[in-house]
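Analysis of the macromolecular model
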Amino acid sequence: MRVRKLAYGCGAEITDVDLSADLPQSTIDDIREAWLKHVILVFPNQDFTIDQHIRFSRRFGELESHPMKNLRSPLGPEILEIHNRVIDGKPSETGDIGRNWHSDGAFTTQPPTGSFLHCRAMPEAGGNTWFNNMYMAYETLSPKMKNIIADLEVVNDINNIYIRAGGVGRRDPHKVAEDNRLNPPVIQSMVRVHSETGRKALYLSEAVTQRIVGLTQDEGAGILQYLFKHSVRPEFTYRHYWRINDLVLWDNRCAMHLAPRDYDPGEIRHMCRTTLTGEKLGRYLDQLPA
Ligand code: OGA
Ligand code: MN
C-alpha cells in the first residue's frame, strides 16, 4: 500500500491495495492511521460490488441507515445512492445533496464518523466534490478568537437546508415536513475534540447551522459568516475530480464537504455511499416531540 499526499490542506491517495480482497487487519490499521492523519483518503480503481463495498466499510465500524428514511436505497439500508436519474417520471431526491458546505448529520445527536463514497457514473466534465480540514480551520484562528468561541454552541436545524434552497424546491412538501418532525433542532459545540486524535476541530455545518446559542440571529450572524468563510479558505481544501471506481473516505468529525452543481444535469452522476455510525454528540434544543 502506498500513500501520496494530494493537497496541502487534506487528502491522500492510497494505491497498491485491492479493497475487494480479504485484507489483513494490519492493512486496515494502516488505512485507519492514514485516514486520521490526512482526513480524506482516495482509493482509485476499486471496481467492487455493493457487497464488497459494505464488507470493506464494516472493517472500520458499524454502518448506519440514513436518518432520512425516504433516501434509503433499494440496494440495502446501508447504502445511500446519490444520483440524478429520473425514475418513473420522478426526479431524484438525492440529485442535489450537499450543495452547501456541510458535515453529514450535524442536525442529529449522532452524526456519522465518516463515509465511503464510491463513484459509479460521472458526467464528462465536473461533478467534483470539495473537502476541507476543520483542524486547520480551528488551529489558524487567533488565540483571542479561540477564546471567544471556546464555549460557544450552535443550533443546527435541517429545516435550514430547505430555507436556504428558497423553499422546498423539488422535494415533496410532505417529506420535508416529515424530515423536520423526525429531526428537531439540535445544539452542538462549535469546537469539537476528535475522539480518536484528541485534536480540536471547528465543528460547523454551513447548510444547517442557524445561530449561536444565547445570541440573537443578528448578533451571531457576523461570527458565523466569518467562520464559514475562514473554514473553506482554499489552502484548507482538497477538490476531488472523480473517476469511475474511485472510493473516497472522509473523516466527518473534522471535515466538511460540498458537491457543486458543476456539471451538465442532462448527464448521469451516480454515487454509492456507506456511512460509519458515529458517537452520541450534542443534545436536542427542546424536548423530542411525542
Ligand atoms: C454525501 C455528499 C457529495 C457528492 O454523500 O454526504 O454530500 O459529491 N455527497 O455526492
Ligand atoms: Mn454530505
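Let's shift gears to the site of ligand 1. As a matter of local geometry, ligand 1 sits amid Ile 82, Ile 97, His 102, Asp 104, Leu 117, Thr 129, Trp 250, His 257, Ala 259, Arg 269 and Arg 273. Asp 104 places a side-chain nitrogen or oxygen 3.1 Å from an oxygen atom of ligand 1. Here an oxygen atom of ligand 1 sits 2.5 Å away from a polar atom, N or O, in the side chain of Thr 129. Look at ligand 1: alone it shows 290 Å² of surface, and the protein chains cover 99% of it.

Here His 83 lies in strand β5 (residues 76-83). Its relative accessible area of 11% is what places His 83 among the buried residues. In this view, His 83 contacts Ser 92, Thr 94, Gly 95, Arg 269 and His 270; residues no more than four positions away in its chain are not counted.

A word on the coordination of the manganese ion (ligand 2). On the protein side, the manganese ion (ligand 2) has His 102 (NE2), Asp 104 (OD) and His 257 (NE2) as donor atoms, found 2.1 to 2.2 Å from it. Of note, the donors binding the manganese ion (ligand 2) are all from one chain and are spaced H-x1-D-x152-H.

The two faces of strand β2 (residues 12-15) match: Ala 12 and Ile 14 on one face and Glu 13 and Thr 15 on the other face are all buried. Inspection of the sheet shows strand β1 (residues 2-5) paired to β2 by 4 bridges, in the antiparallel sense. Residue pairing in the sheet places Arg 4 in a bridge with Glu 13 of β2. The antiparallel pairing of β1 with β2 creates a hairpin that spans 6 residues between the two strands, and Gly 11 there sits at a positive phi of about 100°. In terms of handedness, the path from β2 via helix α1 (residues 25-38) over to strand β3 (residues 40-43) forms a crossover that is right-handed.

Time to look at the sheet that holds strand β17 (residues 283-284). The sheet built from 4 strands is open, its strands ordered β12-β8-β9-β17 with antiparallel pairing. Unpaired on one side and paired on the other, β12 (209-212) and β17 mark the two borders of the sheet. Here helix α7 (residues 217-231) sits on the sheet and contacts β8 (153-156) and β12; the angle it forms with β12, its principal contact strand, is near 120°.

Buried residues of helix α2 (residues 50-58): Ile 50, His 53, Ile 54, Phe 56 and Ser 57, and no others. With its buried residues spanning 165° around the axis, α2 presents them on a single face. Of the exposed residues in α2, those oriented more than 90 degrees away from the buried face are Asp 51 and Arg 55. In this structure, the buried residues of α2 make contact with α1, β5, β6 (114-121), β14 (247-251) and β16 (270-276).

Scanning the model with the defined rule gives 16 salt bridges in all. Of the charged contacts, one joins Glu 13 and Arg 4 as a salt bridge, the two residues approaching to 3.2 Å between their closest N and O atoms. The network of salt bridges with common partners includes Arg 32, Glu 196, Asp 251 and Arg 253.

Before going further, it helps to spend a moment on the sheet that holds β1. Pairing in this open sheet of 8 strands is mixed, and the strands run β1-β2-β3-β14-β6-β16-β5-β4 from one edge to the other. Across the chains shown, the open sheet's two edge strands, defined by having one partner strand only, are β1 and β4 (72-73). Pairing geometry for β6 and β14, over 5 bridges, is antiparallel. The residue of β14 that forms the bridge with Phe 116 is Leu 249. Those strands touched by α1 are β1, β2, β3, β6, β14 and β16, and its axis lies near 130° from that of β3.

Turning our eyes to something else, we now look at the state of the cysteines. Here the structure, examined in full by the defined rule, presents 0 disulfides. No disulfide involves Cys 119; its nearest neighbouring cysteine sulfur is the one of Cys 272, lying 9.8 Å away.

Here is what the cut-offs are and how they apply
Residues numbered from 1 in each chain as written. Chains lettered and ligands numbered in written order. Predicted model: local features only at pLDDT ≥ 70, side-chain atom pairs only at ≥ 80, totals over all residues. Heavy atoms only, no water. Near = heavy atom within 4 Å. Polar contact = N/O pair within 3.5 Å; in protein donor to acceptor, adjacent residues only side chain to side chain. Areas by Shrake-Rupley, 256 points an atom, 1.4 Å probe, with all protein chains shown as cover. Helix = DSSP H or I, 4+ residues; strand = E, 2+ residues; numbered from the N terminus. Buried < 20%, exposed > 50% of the residue type's maximum accessible area, 1.4 Å probe, protein only. Contact = heavy atoms within 4.5 Å. Donors = N, O, S within 2.8 Å, 3.2 Å for Na, K, Ca; no water. Pairing = 2+ DSSP bridges. Right-handed = clockwise from strand over helix to strand, strands pointing away. Axes fitted to C-alpha atoms, helices over the stretch in contact; angles between N-to-C directions. Arc of directions from axis to C-beta. Salt bridge = Lys/Arg side-chain N within 4 Å of Asp/Glu carboxyl O. Disulfide = S-S within 2.5 Å.

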